[in-house]
Amino acid sequence: MAVKYELIKTCAQTGARLGRLHTPHGVIDTPTFMPVGTQASVKGMSPEELKTLGAQIILSNTYHLFLRPGHELVKEAGGLHRFMNWDRPILTDSGGFQVFSLSEMRKITEEGVQFRSHINGDKLSLTPESATQVQNALGADIIMAFDECPPYPAEYEYVKQSTERTSRWAERCLKAHSRSHDQALFGIVQGGMHADLRKQSALDLTSLDFPGYAMGGLSVGEPKHFMYEMLEETIPYLPGNKPRYLMGVGSPDALIEGSIRGVDMFDCVLPTRIARNGTLMTSQGRMVVRNAKYTNDFGPMDPECSCYACRNYSRAYIRHLIKADEMFGLRLTTIHNLHFLVNLMVQVREAIREDRLGTFREEFFEKYGMADN
Ligand SMILES: O=c1nc[nH]c2cc3[nH]c(NCCN4CCCCC4)nc3cc12
């Protein structure tokens, strides 16, 4: 098994676990946050800067790379690691979610999904087989089964049909997955906000014995407590010796709450996306550095932060760069936000090691201010 999960310990105070995920391109300490590099680049970041801030694995998107530049070109370049000069682990999402969140004119059948490219309107399709073959060509260490992420809200009957189809698609992905690479194919549990459908989906997928399991269909606009409830309804049916990946989740509160419930892997565009409009995650909560009140503030963005941006630049300078539309400003806010979440997971792992993640949660929320950001 080229990708192997090693459970180190479970937190005595919560259901969190400390682990290490071994992959062909290196080891990942879990729980982990994965920066998102949708089009084979974490926007504005060099691989060296990502390593300096502590990123151990990054995510890229099959949908985007399938549309542009095409998986054949990436394969010809020697695969995604070579193409983007990132020699650590990569995970690729399978494309189903992006088809529904980005493309026009979609048609979903048992075969797969037909859609129009959001770039040039070309009529395209993805199936469990083709999405798996594209990911085999891209060469990520961890690839995802092709699934449907039902919209929220959705009728129970629709979610039931969609979830059962996703289970059939998962089996087709396993059959299509070429074993010639050392890639691990993870299954994605669906089931909407319905405990019975979540349980059935987990049982269907674990019967196929994937090396890891994602929980999809969440972080789609539902209230956060629904998401946490669905984690509690799903995780008991997933094997303890395999990693659990909560897709699309990246606010500080959700990373802590998800870790407490036994999630090992997270990804989200949130830190990089809000950085590009000058919003920062700091130990004192969210801060909009382009706000006029920072015009003459010559202190660091976050006094408690040790990132390159906070050690070398002031709020006034970064505010100026953003107001002046200088690229460097957004690079600094991105460096900070990514470092903030990667470092938050360092603290979460430390708290698990010391059996005090419940206490850490209280202390963090006290300073950061409550959830939903
Ligand atoms: O069910 C899923 N299957 C495959 N990939 C997914 C990716 C997902 N990403 C999200 N949520 C992303 C939410 N994100 C929050 C910050 C702003 C942009 C949207 N849910 C997901 C579910 C899935």
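This report concerns the structure included in the present document. From a predicted model like this one, the values you see are computed outputs, not experimental measurements. (Residues numbered from 1 in each chain as written. Predicted model: local features only at pLDDT ≥ 70, side-chain atom pairs only at ≥ 80, totals over all residues. Heavy atoms only, no water.)

## Observations regarding the sheet that holds strand β8 (residues 113-116)
Then, number 1: Spatially, three strands are ordered β7-β8-β9 in an open sheet, and the strand pairing comes out antiparallel. Whereas interior strands pair on both sides, the edge strands pair on one side only; in this sheet they are β7 (104-108) and β9 (123-126). Between one strand axis and the next, the sheet turns through 20 degrees on average, direction left out of account.
Then, number 2: Sheet topology places β8 next to β9; four bridges connect them, and they run antiparallel. Note that in β9 the partner of Arg-116 across the bridge is Lys-123. (Pairing = 2+ DSSP bridges. Helix = DSSP H or I, 4+ residues; strand = E, 2+ residues; numbered from the N terminus. Axes fitted to C-alpha atoms, helices over the stretch in contact; angles between N-to-C directions.)

## Examining unusual backbone geometry
Then, number 1: With an omega of 10 degrees, the peptide bond between Arg-68 and Pro-69 qualifies as cis.
Then, number 2: Between Tyr-152 and the following residue, Pro-153, the backbone shows a cis peptide bond with an omega angle of -5 degrees.
Then, number 3: One can find Pro-153 in the loop between β10 (142-144) and α7 (156-176).
Then, number 4: Positive phi outside glycine occurs at Asn-85, with the angle close to 55 degrees.
Then, number 5: Judged by relative accessible area, Asn-85 falls into the partly exposed class, the value being 42%.
Then, number 6: Positive phi is not limited to glycine here, since Asp-209 has a value of about 60 degrees.
Then, number 7: Within the fold, Asp-209 resides in the loop between α8 (195-206) and β12 (213-215). (Buried < 20%, exposed > 50% of the residue type's maximum accessible area, 1.4 Å probe, protein only.)

## Quick notes on the side chain of His-177
Then, number 1: Summarising the element assignment, His-177 is placed in the loop between α7 and β11 (184-189).
Then, number 2: Each residue touching His-177, except ones within four places of it in the same chain, is listed here: Thr-132, Asn-136, Ile-143, Gln-183 and Leu-185. (Contact = heavy atoms within 4.5 Å.)

## Here we look at the site of the ligand
Then, number 1: With respect to spatial proximity, 15 residues lie near the ligand, and among them Asp-93, Asp-147, Gly-217, Leu-218 and Ser-219 are the closest.
Then, number 2: One of the side-chain nitrogen or oxygen atoms of Asp-93 is found 2.8 Å away from a nitrogen atom of the ligand.
Then, number 3: In this structure, Gln-190 approaches the ligand through a side-chain N or O atom, which is 2.9 Å from an oxygen atom.
Then, number 4: Protein contact buries 81% of the 510 Å² of open area that the ligand shows by itself.
Then, number 5: Residue classes in the shell around the ligand are distributed as seven nonpolar, five polar and three charged. (Near = heavy atom within 4 Å. Polar contact = N/O pair within 3.5 Å; in protein donor to acceptor, adjacent residues only side chain to side chain. Areas by Shrake-Rupley, 256 points an atom, 1.4 Å probe, with all protein chains shown as cover. Nonpolar A, V, L, I, M, F, W, Y, C, P; charged D, E, K, R; others polar.)

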